[in-house]
Amino acid sequence: MQTKLNPKDNAAHLFCLFLAEEMRMRMISLGTAKEMARAVVAHKNLIDSEEHMLRLIMELAKDFPQLKKFEQKLAVYIERQGRSDAEKKVTEFVAGIMDTDQNLAMQVLEDAIDANNNLDILKNKYPKFAEFLNQPQ
């Protein structure tokens, strides 16, 4: 069973998996992987989340074109993770109000399904949802 990593560790873990896979497929050499890893470790203080790792990788891709593939994969991962987190928050909110306000619950669900909406739009449209998100966990 894998434990949930914090965003900083998760970013490093994803990078290590990328390097391992690229070496396995013989897309990069061990020496190149070492240089890429050295560059990331040299800037580890700048990495607090996957988004920070993406910014760093975008900069490093100027020196290491092989990192473009990781940049794309990381961007997709971040987008999916954000969507998944938003879905969890909407689900928790709807489950909490379903007994007391079914109409609001259905409206929030319908708007959350729309791909054009995000958490900020939902917070602006539904003050109760914004209050829910601002509550300490």
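All chains use their own residue numbering, which begins from 1 and follows the written sequence. Local features are withheld for residues below a pLDDT of 70 in this predicted model, meaning they are given only at 70 or higher, and side-chain atom pairs are given and counted only at 80 or more; totals for whole chains, interfaces and linings count all residues. Side-chain figures throughout are based on the complete set of non-hydrogen atoms in the structure, without hydrogens or water.

**Q** Whenever I open this one, the overall build of the protein chain confuses me. Can you help?
**A** From N to C terminus, the protein chain includes seven helices and zero strands. Computed over its C-alpha atoms, the radius of gyration of the protein chain comes to 20 Å, more than 25% above the 14 Å expected for a compact globule of 137 residues. Principal-axis analysis of the C-alpha atoms places the extent of the protein chain at approximately 60 × 30 × 25 Å. For every residue, the accessible area (1.4 Å probe, protein chains only) is compared with the maximum for its type, and the residue is labelled buried under 20%, exposed over 50%, or partly exposed between those bounds. Buried residues in the protein chain amount to 31% of all 137 residues. Residue contacts follow a heavy-atom distance rule, with two residues in contact if any of their heavy atoms lie within 4.5 Å. Restricting the contact set of the protein chain to residue pairs at least 6 apart, pairs at least 24 apart contribute 49%. With the model as given, the accessible surface of the protein chain reaches about 9,600 Å², and the carbon-plus-sulfur share is 54%. Each helix is a run of H or I in the DSSP string that is no shorter than four residues. Each strand is a run of E no shorter than two, and both are numbered from the N terminus. Radius of gyration here is computed from C-alpha atoms only, and the compact-globule reference equals 2.2 Å multiplied by the residue count raised to the power 0.38. To measure how exposed things are, a 1.4 Å probe is used in the Shrake-Rupley method; for residues, cover is taken only from the protein chains shown.

**Q** For this particular structure, what's the right way to read the pattern of salt bridges?
**A** As a working rule, side chains carrying opposite charge can pair if their charged atoms are close by. Only one rule defines a salt bridge in this text: a Lys or Arg side-chain nitrogen within 4 Å of an Asp or Glu carboxyl oxygen. Counted by the stated rule, this structure contains nine salt bridges. R83 is paired through a salt bridge with E87; the nearest N and O atoms lie 4.0 Å apart. Of this pair, R83 and E87 both sit in helix 4 (residues 67-97), separated by four residues, roughly a single helical turn.

**Q** What should I look at first to understand helix 5 (residues 102-113) in this one?
**A** Residues separated by three or four positions in an α-helix point in the same direction, a consequence of the helix having 3.6 residues per turn. Given a rise of 1.5 Å per residue, 12 residues ought to cover 16 Å, and the 17 Å separating the end C-alpha atoms of helix 5 matches this to within 8%. Among the residues of helix 5, L104, A105, V108, D111 and A112 are the ones counted as buried. All buried residues of helix 5 project into a common sector of 135° when viewed along the axis, lining one side. In helix 5, the exposed positions that point more than 90 degrees away from the buried face belong to Q102, N103, E110 and I113. Tucked inside the fold, the buried residues of helix 5 contact helix 4, helix 6 (119-125) and helix 7 (127-134). Between the first and last residue of a helix there are one fewer steps than residues, each counted as 1.5 Å, and that sum is the expected span. Think of the arc as the fan of directions from the helix axis to the C-beta atoms.

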